[in-house]
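Chains, contacts and geometry: an overview
What follows is the residue order along each chain.
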Amino acid sequence: MVSNTGSKIIAKADELGASLAGIASIASLKASPSYDVCGKPPYYEGYGSIEWPKDAKSVLVLALSHEASKPELDWWSHMPGATLGNRQLMNLASNMAQWINQELDINAHLVVYHIEAGGIFLKDSAALAGLGVIGKNNLLITPELGPRVRLRALFLDADLEPTGPTAFNPCEGCDMPCRRACPQEAFRDGSYNLPFCNEQMAKNEVNSVVVENWVNDSPGRVIKYCRACELACPVAR
Ligand code: B12
């Protein structure tokens, strides 16, 4: 059961344009697999020790649909927010924070994107909030939109009842087209290998393209980061 305050928050997120929303506790995030590997070699030394605001007790996770038919939402460029989808999510998060602060007397504050800058593990948060589960492609898979979502979050200085996790289990019995689709074979060892994935991201950066009619009808240079493991997922397609 979601608390009354929690359901009001989720209903408001829905009204303001979130595709999905849910609540997780900071305590559960501190017990999550990502928290455990943070600061540790071989990949995550750069994150250092994680410090989140000490009054934050819960996180509100917001998801926005990134359907394959709207690839431009995901194109990265030098503009505030970097992608059109992330700009929408930042606006949504900021409108939600304002509403929660004013209407519910709960202190809500924006979470930065990057973990090393004080951000949170958005996939773990979303899984703990019951939006979906972490799939074989190492992405959050939701029943409604598969992995084709982008995430943002707010810290809430209130102990709200979590909305997850969920028993959804889409990868069971799947023959993993996501893993076969990877151009770098980043799953060749049976789990996600970050350096291989990073090689693909670096290639995508070198191959940035100019798009006509980008922001304000002007041409702009964009990076189309690889989404192969995401777009190959059959869930909700
Ligand atoms: C750094 C980063 C990258 C780096 C490194 C990726 C990585 N996996 O470490 C690079 C640039 C390579 C990258 C690539 C991609 N990324 Co990225 N990335 C991030 C970022 C900023 C941090 C991720 C991170 O370091 N997490 C912490 C580490 C420790 O987690 P992890 O290695 O991914 O895996 C942990 C979890 O899976 C967890 N876990 C496993 N099982 C379970 C079960 C439960 C119950 C729980 C709670 C947790 C859990 O344990 C693992 C660690 O042991 C997040 C945004 C954010 N603030 O979270 C976006 C994010 C994860 N990326 C995203 C996306 C979409 C991508 C790409 C598809 C590229 C693209 N076009 O955007 C690829 C996909 C790669 C992949 N298959 O994982 C989305 C994911 C959306 C989704 N549906 O899941 C995010 C959330 C950003 C967003 N805008 O919404 N990314």
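The rules behind each value
Residues numbered from 1 in each chain as written. Predicted model: local features only at pLDDT ≥ 70, side-chain atom pairs only at ≥ 80, totals over all residues. Heavy atoms only, no water. Domains from an automatic or database assignment. Contact = heavy atoms within 4.5 Å. Buried area = accessible area lost by both parts, 1.4 Å probe. Salt bridge = Lys/Arg side-chain N within 4 Å of Asp/Glu carboxyl O. Polar contact = N/O pair within 3.5 Å; in protein donor to acceptor, adjacent residues only side chain to side chain. Near = heavy atom within 4 Å. Helix = DSSP H or I, 4+ residues; strand = E, 2+ residues; numbered from the N terminus. Nonpolar A, V, L, I, M, F, W, Y, C, P; charged D, E, K, R; others polar. Core = buried A, V, L, I, M, F, W, Y, C linked by side-chain atoms within 4.5 Å. Buried < 20%, exposed > 50% of the residue type's maximum accessible area, 1.4 Å probe, protein only.

So, on to the domain arrangement of the protein. When its domains are assigned, the protein resolves into domain 1 (4-156) and domain 2 (177-231). Domain 1 and domain 2 are separated by 21 Å when their C-alpha centres are compared. With 21 residues of domain 1 at the interface, the matching set in domain 2 holds 19 residues. Summed over both partners, the interface of domain 1 with domain 2 comes to about 1700 Å²; 64% of that surface belongs to carbon and sulfur atoms. Among the residues of domain 1 in contact with domain 2, Tyr43, Trp75 and Trp76 are the three that bury the most area, contributing 35% of the side total. Inspection of the region where domain 1 meets domain 2 yields two salt bridges. The closest approach of N and O atoms between Arg227 and Asp74, which form a salt bridge, is 3.7 Å. Counting every contact that joins domain 1 to domain 2 gives seven residue pairs in polar contact (both at pLDDT 80 or more).

Taken together, 32 residues form the shell around the ligand, and within it Tyr44, Tyr47, Lys123, Leu140 and Leu151 come nearest. At a separation of 3.0 Å, an oxygen atom of the ligand approaches a polar side-chain atom of Asn138. Cys226 is positioned with one of its backbone polar atoms (N or O) 3.1 Å from a nitrogen atom of the ligand. Only helix H3 (33-37), helix H5 (122-128), strand S6 (149-156) and helix H7 (194-206) provide two or more residues apiece to the shell around the ligand. Class assignment of the residues belonging to the shell around the ligand gives a composition of 23 nonpolar, four polar and five charged.

With that out of the way, let us pick up the nonpolar core. Core analysis: the biggest nonpolar cluster contains 26 residues, and Trp52, Val59, Ile120, Leu131, Leu151 and Phe155 have the highest contact counts within it. Going through the elements one at a time, strand S1 (20-25), helix H2 (26-29), strand S2 (58-65), H5 and S6 are the ones with two or more residues in this core. Core analysis: the second largest hydrophobic core is formed by 22 residues, Ile23, Leu89, Ala93 and Ala108 among them.

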